[in-house]
Amino acid sequence: MKITDIRKYSTAELATEATKLREEIAELRRRVHLGEVNNVRQIRAKRKDLARMLTVLSEQLAKENA
């Protein structure tokens, strides 16, 4: 997911999307541990997406509080 797409989300949408991504990452980790998934790079990509979302979310919250 690109940062320009993430910036289009509202604060509430970003919070829900971040929660969904955390759940997906946990599920992927579980499936990798069980040997069901071979592509472990998916976890890295999702973690980077989560970091981007949290960065934009903190920027938006800083603007609201300023």
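Provided above is the structure to which this section pertains.
Every value quoted in this text rests on a predicted model; they were computed, and no experiment measured them.

Parameters and conventions
- Counting of residues starts from 1 at the beginning of each chain's written sequence and follows it residue by residue.
- Where totals are concerned, whole chains, interfaces and linings use all residues; where local detail is concerned, this predicted model gives features only for residues with pLDDT of at least 70, and gives and counts side-chain atom pairs only at 80 or more.
- Side-chain measures here rest on the full set of heavy atoms in the structure, leaving out hydrogens and waters.
- Think of it this way: any DSSP run of H or I at least four residues long counts as a helix, any run of E at least two long counts as a strand, and we number them from the N terminus.
- This radius of gyration counts C-alpha atoms alone. The globule rule is 2.2 Å times how many residues there are, raised to the power 0.38.
- Note on classification: 1.4 Å probe, protein chains only; a residue is buried when its accessible area is under 20% of the maximum for its type, exposed when over 50%, partly exposed between these limits.
- Contacts between residues were defined by any pair of non-hydrogen atoms, one from each residue, lying within 4.5 Å.
- Only the protein chains shown count as cover for residues, with accessible areas throughout obtained via the Shrake-Rupley method and a probe of 1.4 Å.
- Charge assignment: positive for Lys and Arg, negative for Asp and Glu; neither His nor the chain ends contribute.
- For this purpose, a charge sits on NZ of Lys, CZ of Arg, CG of Asp or CD of Glu.

Visitor: I'd like a description of the overall build of the protein chain, backed by residues and values.
Guide: Counting its secondary structure elements, the protein chain contains three helices and zero strands. Starting at the N terminus and walking to the C terminus, you meet the elements of the protein chain as α-α-α. A compact globule built from 66 residues would reach a C-alpha radius of gyration of about 11 Å, whereas the protein chain, at 14 Å, exceeds it by more than 25%. The buried share of the protein chain, reckoned over its 66 residues, is 21%. In the protein chain, of all internal contacts separated by at least 6 residues, the share reaching a separation of at least 24 is 67%. Split by element, the accessible area of the protein chain, about 4,900 Å² in all, is 51% carbon and sulfur. When the 15 basic and 10 acidic side-chain charges of the protein chain are each reduced to a single mean position, those positions are 7 Å apart.

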